[in-house]
Amino acid sequence: MSVARTEQAAKLRVEGVSRVFLGPRGGETVALAPTDLTVAANDFITILGPSGCGKSTLLRIVAGLDRPSSGRVLLNGKPVIGPGPDRGMVFQSYTLFPWLTVGQNIAFGLRERNVPTREQADIVDTYLGRMGLKGFEHHLPRQLSGGMQQRTAIARALANDPDILLMDEPFGALDNQTRALMQELLLDIWERDRKTVLFVTHDIEEAIFMASRVVVMTARPGRIKADVPVDLPHPRRYTIKTTPEFNALKARLTEEIRVEAVLAAQAG
Ligand code: ADP
Ligand code: MG
């Protein structure tokens, strides 16, 4: 019975997904070994792994921006065959349309889908407010700080009310202070809306702080080596990062990652 319940609640299923890149002279790079991952509705999954282990490759395949060499991805039980508005993507940086204002960037997907203008304006207004961007609607991205650009990118993704939010090191280019504030802002949104989120990071504290589950990947070719539930209570504030429970998780994940980083360094 519990199996049937899990099946029903699965928002996303990654089944035996691998990716092999062919080199210019016929060599092969196995970026991702066959990987299985099930994400339940309303889960906040962070994927933690060393650089080059295939995290972005996995996320791009889920987004439909790349095709797997084997396996398949199911979203709400339906195979993913390309990009779609049911998946909202946020990358590390430089993803806003530089010639569009903040408001136009947030409205982009709504316009593509011909949402009525009045409704577009309401949705844009809501996310300007929730992301602390009120007053910046008519600014261009280059007039904003890195943190505000990322808030705009998140607002743009959320405005489409996606089934799942796919985030690839979204705070990776921000300074530590801004990064910590962005983590709290995103978590606050998740605590209110219970979005389903798949969030890639190589920052251990970030992975624990945000997640209901941390998935650890091995060095290339990446595969999932650990799947660690994070039972820290909500709402979470930054002060939780100094609790014994948080530190116990950090110690465990640090060890998992350290082994992988050593292996990755040896592999060159
Ligand atoms: P991560 O995001 O974990 O840092 P990536 O998914 O970007 O890792 O890359 C995994 C591996 O696949 C790396 O060795 C990378 O060089 C390789 N790779 C990624 N994209 C391509 C591509 N388009 N062509 C060839 N190799 C690629
Ligand atoms: Mg990456």
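Data block above holds the structure.
Residues numbered from 1 in each chain as written. Chains lettered and ligands numbered in written order. Predicted model: local features only at pLDDT ≥ 70, side-chain atom pairs only at ≥ 80, totals over all residues. Heavy atoms only, no water.

A. Region of interest: the nonpolar core. One finds Ile 106, Ile 154, Met 167, Leu 186, Ile 208, Val 214 and Leu 253 to be the most contacted residues of the largest nonpolar core, which totals 51 residues. Sorting elements by how many residues they give to this core places helix α5 (residues 146-159) first, with seven residues. Val 14, Leu 32, Leu 59 and Met 217 belong to the second largest nonpolar core, which has 24 residues in total. (Core = buried A, V, L, I, M, F, W, Y, C linked by side-chain atoms within 4.5 Å. Buried < 20%, exposed > 50% of the residue type's maximum accessible area, 1.4 Å probe, protein only. Helix = DSSP H or I, 4+ residues; strand = E, 2+ residues; numbered from the N terminus.)

B. Here's a closer look at the packing of helix α3 (residues 102-112) against α5. Running from amino to carboxyl end, α3 crosses α5 at an angle of 25 degrees, the nearest separation of the two axes being 7 Å. For the element pair α3 / α5, the angle class is roughly parallel. Here α3 runs over α5; the crossing is right-handed. In this structure, α3 uses Val 102, Asn 105, Ile 106, Phe 108 and Leu 110 to contact α5, whose residues at the interface are Thr 152, Ala 155, Arg 156 and Ala 159. Considered class by class, the residues forming the contact of α3 with α5 number six nonpolar, two polar and one charged. (Axes fitted to C-alpha atoms, helices over the stretch in contact; angles between N-to-C directions. Parallel < 35°, antiparallel > 145°, perpendicular 65-115°, else oblique. Left-handed = near helix turned anticlockwise from the far one by under 90°. Contact = heavy atoms within 4.5 Å. Nonpolar A, V, L, I, M, F, W, Y, C, P; charged D, E, K, R; others polar.)

C. Quick peek at the layout of surface pockets. Of the voids in this model, the largest pocket is the one considered here, and its volume is about 490 Å³. The wall of the largest pocket is formed by 20 residues, among which Gly 84, Arg 87, Gly 88, Met 89 and Asn 160 lie closest to the centre. At the level of elements, β6 (87-90), α3 and α5 are the ones that each hand at least two residues to the lining of the largest pocket. When grouped by side-chain class, the residues that make up the lining of the largest pocket number eleven nonpolar, five polar and four charged. (1 Å grid on protein atoms, 1.4 Å probe; cavity = no way out; pocket = protein on both sides within 12 Å on 5 of 7 lines; lining within 4 Å. Points joined across faces, edges and corners; volume = space filled by probe spheres on them.)

D. Molecular detail of the packing of aromatic side chains. Enumeration over the complete set of coordinates arrives at five aromatic pairs. Taken together, a centroid distance of 5.8 Å and an interplanar angle of 45 degrees make the contact between Phe 44 and Phe 199 tilted. Pair noted here: Phe 44 is in strand β3 (residues 44-48) and Phe 199 is in strand β8 (residues 196-201), with a separation of 155 residues, a long-range link. Judged by relative accessible area, Phe 199 falls into the buried class, the value being 0%. An aromatic cluster of at least three residues, connected via ring pairs, comprises Phe 44, Phe 171, Trp 190 and Phe 199. Between the NZ or CZ atom of Arg 194 and the centre of the ring of Trp 190, over which it lies, the distance is 4.1 Å. (Phe/Tyr/Trp six-rings, centres within 6.5 Å; stacked < 30°, edge-to-face > 60°. Lys NZ or Arg CZ within 6 Å of the ring centre and 35° of its normal.)

E. Main features of the sheet that holds strand β10 (residues 224-229). Pairing within the open sheet is mixed, and its six strands lie in the order β6-β7-β8-β3-β9-β10. Of all the strands in the sheet, just β6 and β10 have a single pairing partner and so form its edges. If you compare each strand with its neighbour and ignore which way they point, the axes differ by 15 degrees on average. Relative to β8, β3 runs parallel, the two sharing five bridges. The residue of β8 that forms the bridge with Phe 44 is Val 197. Across the sheet, α5 is in contact with β6 and β7 (164-168); its angle to β6 comes to roughly 175 degrees. Packing of helix α8 (residues 244-267) onto the sheet brings it into contact with β3, β9 (213-217) and β10, and relative to β10 it is tilted by some 170 degrees. (Pairing = 2+ DSSP bridges.)

It is worth stressing that arrangement in space is one thing and function is another; only the former is reported here.
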